[in-house]
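# A structural walkthrough
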Amino acid sequence: MCGVFGIYGHPEAANLTYLGLHALQHRGQESAGIATSDGQQLGLHRGMGHVIDVFPTDQIARLKGQNAIGHVRYSTAGGSMLKNAQPIAVEYARGSIAIAHNGNLTNAETVKEQLEERGSIFQSTSDTEVIVHLVAISDQRTPEDRVADALAKVQGAYSLLCLTPNSMIAARDPMGLRPLCLGRIRGQHEAWVVASEPSSFDLIDAAYERDVEPGEIIVVDKDGLHSKKPFNPAPRHTCIFEFVYFARPDSNVDGVSVYEARKNLGRALAMEHPVEADVVIPVPDSGVPATIGYSEASKLPFELGLVRSHYIGRTFIEPQQSIRHFGVRLKLNPIGSTLRDKRVVVVDDSIVRGTTSRKIVKMLRDAGAKEVHMRISSPPTQWPCYYGIDTPTRGELIASSHSIEEINQYITSDSLAYLSLGAMKQAVVAARSDTAGRHPRSLPVIGQPLDTDAFCTACWTGEYPIAFTPQPKQRQMRLLDL
Ligand code: SF4
């Protein structure tokens, strides 16, 4: 759960990266950072918190240069601390480099042990630092060949941006697990941009060009843009959870409109699991497009029955006396007039531990709902993700040890149903085949288009596309820089 953004060849590089990171804030809120280059030196600033807190105006003004990469982080490997914030920037024998990474390496601890045995010293517990060390010890000549050499030694998911004093390098893992796309600013200042999601291009008036292909390395330097594919091709495995929950609905991933995919998920859910009811409501915000689809297909009126507060900071003062549902009410509050004496269908994207769904059902009943029917726009989540999405351990996932009926009883809903795996894949693929004129943002992907076999679905099936060997336990940091 991270976002990356980079720009090459624009006098406002740091400012535009700041804006790009803003648009990617949903991908990570723990830390943010920007590295810039002016052709000779790299500049770097990182901090804990949201982009807006980490980068006051004077801080951005200090980041000089026409090239920049940035990162927003939600830790999935390594802890939440400043040392693990990205980009990671280093100076080594052959130059300097900054690296920003979205994804998770599955062999990071093994490679780290090997590197430490030959003398490497690690500053952080982040898996990304392994790539930095591999770049530094590579015997290749150019920065892009050193990056390719380093990536050939790691396994797992990565959408990566590197900045050297003279170039920006973008790389996507051979299976394409995490998204990465290419855009362009035209006009007075022509510049290339690369980002996790194209919704970040709109804010800076960049046009979406295409997705970075799985296994592709793109280099932008003074001679323009060059692309190569140095790795053995692998079957595409785009993370389907990006469409279900993670990516912004105004983004496209690998040629599929996230919004249309979510509406299709809702339509399919209504067809697979209809129920007699009076209204259908979303769990905001991610459940909204699927609920529109459910409403369309079921002919049930779409209503807002829950309102989400968008202004919750990282900390809040808990009341001295316990207030019912305090935590969940901070985020969601019911609209009584929509719910009173109604049979309500509630659409959500997933159930993780079940505790939030249980609180939501109780909240709706307390607000007067006569019946509450939960409908989930993906199958039961039974397996953790090892490729960069923060999910709890298998034991904490309620669907790994409980049947759907048991979960229904636990969350106290009148009925509970999940979308099937086949219907989920079909719904997402259909959002691509629909692109001709209906989704003007959708452009053809270069390379193999998405089909129903082109997804990672491991958190529902346990079929992990990248085999992982058990990793040595991550060592606890013994040096605490406080
Ligand atoms: S395990 Fe799930 S969340 Fe992780 S990459 Fe695969 S589909 Fe996405």
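That block above? That's the structure.
Here's a quick rundown of the structure.

How each quantity is defined
- Positions within a chain are numbered from 1, following the residues in the order the chain's sequence is written.
- At least 70 in pLDDT is required for a residue's local features to be given in this predicted model, at least 80 for side-chain atom pairs to be given and counted, and no such filter applies to totals for whole chains, interfaces and linings, which use all residues.
- Excluding hydrogens and water, the side-chain figures rest on all heavy atoms present in the structure.
- In this text, buried Ala, Val, Leu, Ile, Met, Phe, Trp, Tyr and Cys residues form a nonpolar core when linked through side-chain atoms within 4.5 Å.
- Three labels apply to residues, based on accessible area from a 1.4 Å probe with only protein chains included: buried if under 20% of the type maximum, exposed if over 50%, partly exposed otherwise in between.
- The way it works is that DSSP assigns letters per residue, a run of H or I at least four long becomes a helix, a run of E at least two long becomes a strand, and they are numbered from the N terminus.
- What makes two residues a contact is simply this: any of their non-hydrogen atoms within 4.5 Å.
- Throughout this description, the term salt bridge denotes a Lys or Arg side-chain nitrogen within 4 Å of a carboxyl oxygen of Asp or Glu.
- Whether a residue is near a molecule or strand depends on its heavy atoms: if one lies within 4 Å, it is near.
- When residue character is reported, Ala, Val, Leu, Ile, Met, Phe, Trp, Tyr, Cys and Pro are called nonpolar, Asp, Glu, Lys and Arg charged, and the others, Gly included, polar.
- In this scheme Phe, Tyr and Trp rings, the latter by its six-membered ring, pair at centre separations within 6.5 Å, and the angle between planes marks the pair as stacked below 30 degrees, edge-to-face above 60, and tilted otherwise.
- When the NZ atom of lysine or the CZ atom of arginine is within 6 Å of a ring's centre and also within 35 degrees of its normal, the charge is said to sit over that ring.

Below, the discussion takes up the nonpolar core. By size, the foremost hydrophobic cluster in this structure holds 36 residues, and its most contacted members are Phe-243, Tyr-294 and Val-428. The set of elements that each furnish at least two residues to this core consists of helix H8 (241-246), helix H9 (258-272), helix H10 (288-298), strand E20 (343-348), helix H15 (421-433) and helix H17 (458-461). Dropping the residues within four chain positions of it, Val-428 is found in contact with Ile-240, Phe-243, Val-256, Ala-261, Leu-265 and Phe-455. If you look at the next biggest cluster of nonpolar residues, it comprises 27 residues, including Ile-97, Ala-108, Ile-131 and Ala-150.

With that settled, consider the pattern of salt bridges. If charged atoms from side chains of opposite charge come close, those side chains can pair. Per the counting criterion, the structure on display carries 19 salt bridges. The residue Arg-62 makes a salt bridge to Asp-58 at a minimum N-O spacing of 3.3 Å. Between Arg-353 and Glu-396 there is a salt bridge whose closest N-O contact spans 3.4 Å. Of this pair, Arg-353 sits in the loop between E20 and helix H13 (355-366) while Glu-396 sits in the loop between strand E21 (371-376) and helix H14 (404-411), placing them 43 residues apart in sequence. Through salt bridges with shared partners, one network takes in Arg-27, Arg-178, Glu-197 and Glu-242.

Let us now look at H10. Of all the positions in H10, only Pro-289, Ala-290, Thr-291, Gly-293, Tyr-294 and Ser-295 are classed as buried. Buried-residue contacts for H10 involve H9, strand E17 (279-282), E20 and E21. Remark: Lys-299 follows H10 within two positions and exhibits a positive phi of approximately 65°.

Attention shifts here to the site of the ligand. Neighbouring the ligand are Leu-177, Arg-178, Cys-239, Phe-241, Cys-385, Tyr-387, Ile-389, Cys-456, Ala-458 and Cys-459. Its residues assigned to classes, the shell around the ligand shows nine nonpolar, no polar and one charged.

Let us look at the packing of aromatic side chains. Under the counting rule described, the total for this entry stands at seven aromatic pairs. Pairing Phe-241 with Tyr-245 gives two aromatic rings, centres 5.6 Å apart and planes at 40°, and the pair type is tilted. Of this pair, Phe-241 and Tyr-245 both sit in helix H8, four residues apart, which is roughly one turn of the helix. Here the aromatic cluster, defined as three or more aromatic residues joined through ring pairs, consists of Phe-241, Tyr-245, Phe-246 and Trp-460. Over the aromatic face of Phe-122 sits the side chain of Lys-112, whose NZ or CZ is 5.0 Å from the ring centroid. The ring of Tyr-410 has Arg-358 sitting right over it, with the charged end atom 4.8 Å from the ring centre.

Shape descriptors only; they carry no functional weight alone.
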